Amino acid sequence: MKATVFHGKGDVRVENVPDAAVVRPSDAVVRVTHACVCGSDLWFYRGDAPWEPGWRTGHEFMGVIEEAGAGVRTLKKGDHVFAPFAYSDGTCEFCRKGLQTSCLGGGYWGGADNDGGQGEAVRAPLADATLVKLPAEVANDEKLLRAILPLTDVMGTGHHAALCAGVKPGATVAVVGDGAVGLCGVLAARRLGAARIILFGRHPDRIAVAAEFGATEVVQERGTDAVARALDMTAGGPDAVLECVGNEGSMAMATGMCRPGGAVGYVGVPYGAQQGLDLRRMFGENIALRGGVAPVRAYAEELLADVLAGKLDPSPVFDLTVGLDDVPRGYAAMDAREAIKVMVKL
Ligand SMILES: [Zn+2]
């Protein structure tokens, strides 16, 4: 089969690899129909995250069950499914708490040992607990499938940020970061009933999507200027701040502008964010910091129900679609910020 393989900084290639196959009875093989390139893939693509040549790539995919192991109970050949970006057993202490990303038996797609989502097929361990079954009628509804695909990561991650920041109906919310996760954070905050949603970002194409998703205001300043604007336009700071980048500047903005007694929900993979923490202010103003890698499996059914009901559609984050052979072009476009998020259509 063909799959995307990492070869080094700025170098991913689509090449032949061994076919995905059932190994353990709890495995299923998913023939991939849709996948994504993610902002977090850019960390290894840019050489900022440890990734070895030969490792598989991609952690966002959906498709059709090609084969189910003898121990798989709830899924069968032909079922349409999507996969959260981590697999999990659904039974351990952490899965039962809705923290599947800390699953004792779980893991992540791609890398040295697992198939990645940017390929023709994936062996899915712990299939029953991990994969989310889709109703048969979505099979040929491309518009609906595009709206479901972000539930594999960015929509669940944006939702996690909003929950961790304590977004409540009527709240004033700030979203730091205008990538796909930040934009989904805007959508999640609106879904949770926020009254004002202020996006901190500056790319015109992304600002347009943010407006469509419910942002009421946009601030293009950064750093201390952005904090001053935020404190001024909200008379003391937003109740909830979603930090969706992970660098020093974004965390400094988030912890610098949050209203006393409020919370920062952080979901950006931390690369320097720890240096941006204004702990002295957080201490003085009782500002909470909650977040982490998002247990999107925990939110899957709830968000899927709203997508199927036509109440939630994060698909505008996809502004470039490529075929499998063109995945390298997708990486290059996201790296150059020419695309917000790339969909791979197989
Ligand atoms: Zn578990």
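Some thoughts on the coordination of the zinc ion
- Summarising the metal site, the zinc ion is bound by the protein donors Asp89 (OD), Cys92 (SG), Cys95 (SG) and Cys103 (SG), whose distances to it range over 2.1 to 2.3 Å.
- Geometry at the zinc ion is tetrahedral, judged from its four donor atoms and the angles of 96 to 120° they form at the metal.
- Between consecutive donor residues of the zinc ion, the sequence gaps follow D-x2-C-x2-C-x7-C.
- Given the relative accessible area of 6%, cysteine 95 is considered buried.
- Residue classification places cysteine 103 among the buried residues on the basis of a relative accessible area of 11%.

Brief notes about the packing of aromatic side chains
- Counted according to the given criterion, the structure contains nine aromatic pairs.
- Summarising the aromatic geometry, the rings of phenylalanine 6 and phenylalanine 44 are spaced 5.5 Å apart at their centres and angled 80° between planes, so their arrangement reads as edge-to-face. Taken together, the residues phenylalanine 6 in strand S1 (residues 2-8) and phenylalanine 44 in helix H1 (residues 41-45) connect sequence positions 38 residues apart.
- Accessibility expressed as a relative area gives 4% for phenylalanine 6, which makes it buried.
- According to the relative accessible area criterion, phenylalanine 44 is buried, its value standing at 5%.
- Plain terms: the ring middles of tyrosine 87 and tryptophan 109 are 5.3 Å apart, the flat faces sit at 55° to each other, and that makes the pair tilted. One end of the pair, tyrosine 87, is in strand S6 (residues 86-87); the other, tryptophan 109, is in the loop between strand S7 (107-108) and strand S8 (121-124), with 22 residues separating them in the sequence.

Notes on the domain arrangement of the protein
- Per the domain assignment, the segments making up the protein are domain 1 (2-153 + 295-345) and domain 2 (155-291).
- Inter-centroid distance (C-alpha atoms) of domain 1 to domain 2 is 27 Å.
- With 24 residues of domain 1 at the contact, the number on the domain 2 side is 21 residues.
- Of the roughly 1,900 Å² buried between domain 1 and domain 2 on both sides combined, carbon and sulfur atoms contribute 64%.
- Counting the surface domain 1 buries against domain 2, the share from its top three residues, Trp43, Tyr299 and Ile340, is 30%.
- Between the two partners, domain 1 and domain 2, sit two salt bridges.
- Among the ionic pairs, arginine 191 bridges to aspartate 306, the shortest N-O distance being 2.8 Å.
- Run the count over domain 1 and domain 2 and you get seven residue pairs in polar contact (both at pLDDT 80 or more).
- With five residues, the single largest contributor to the side of domain 1 that touches domain 2 is helix H12 (residues 296-308).
- A per-class count over the side of domain 1 that touches domain 2 returns 15 nonpolar, one polar and eight charged.

What counts, and where the lines are drawn
- Residues numbered from 1 in each chain as written.
- Predicted model: local features only at pLDDT ≥ 70, side-chain atom pairs only at ≥ 80, totals over all residues.
- Heavy atoms only, no water.
- Donors = N, O, S within 2.8 Å, 3.2 Å for Na, K, Ca; no water.
- Tetrahedral: all angles 85-135°; square planar, octahedral: opposite > 155°, others 65-115°.
- Buried < 20%, exposed > 50% of the residue type's maximum accessible area, 1.4 Å probe, protein only.
- Phe/Tyr/Trp six-rings, centres within 6.5 Å; stacked < 30°, edge-to-face > 60°.
- Helix = DSSP H or I, 4+ residues; strand = E, 2+ residues; numbered from the N terminus.
- Domains from an automatic or database assignment.
- Contact = heavy atoms within 4.5 Å.
- Buried area = accessible area lost by both parts, 1.4 Å probe.
- Salt bridge = Lys/Arg side-chain N within 4 Å of Asp/Glu carboxyl O.
- Polar contact = N/O pair within 3.5 Å; in protein donor to acceptor, adjacent residues only side chain to side chain.
- Nonpolar A, V, L, I, M, F, W, Y, C, P; charged D, E, K, R; others polar.

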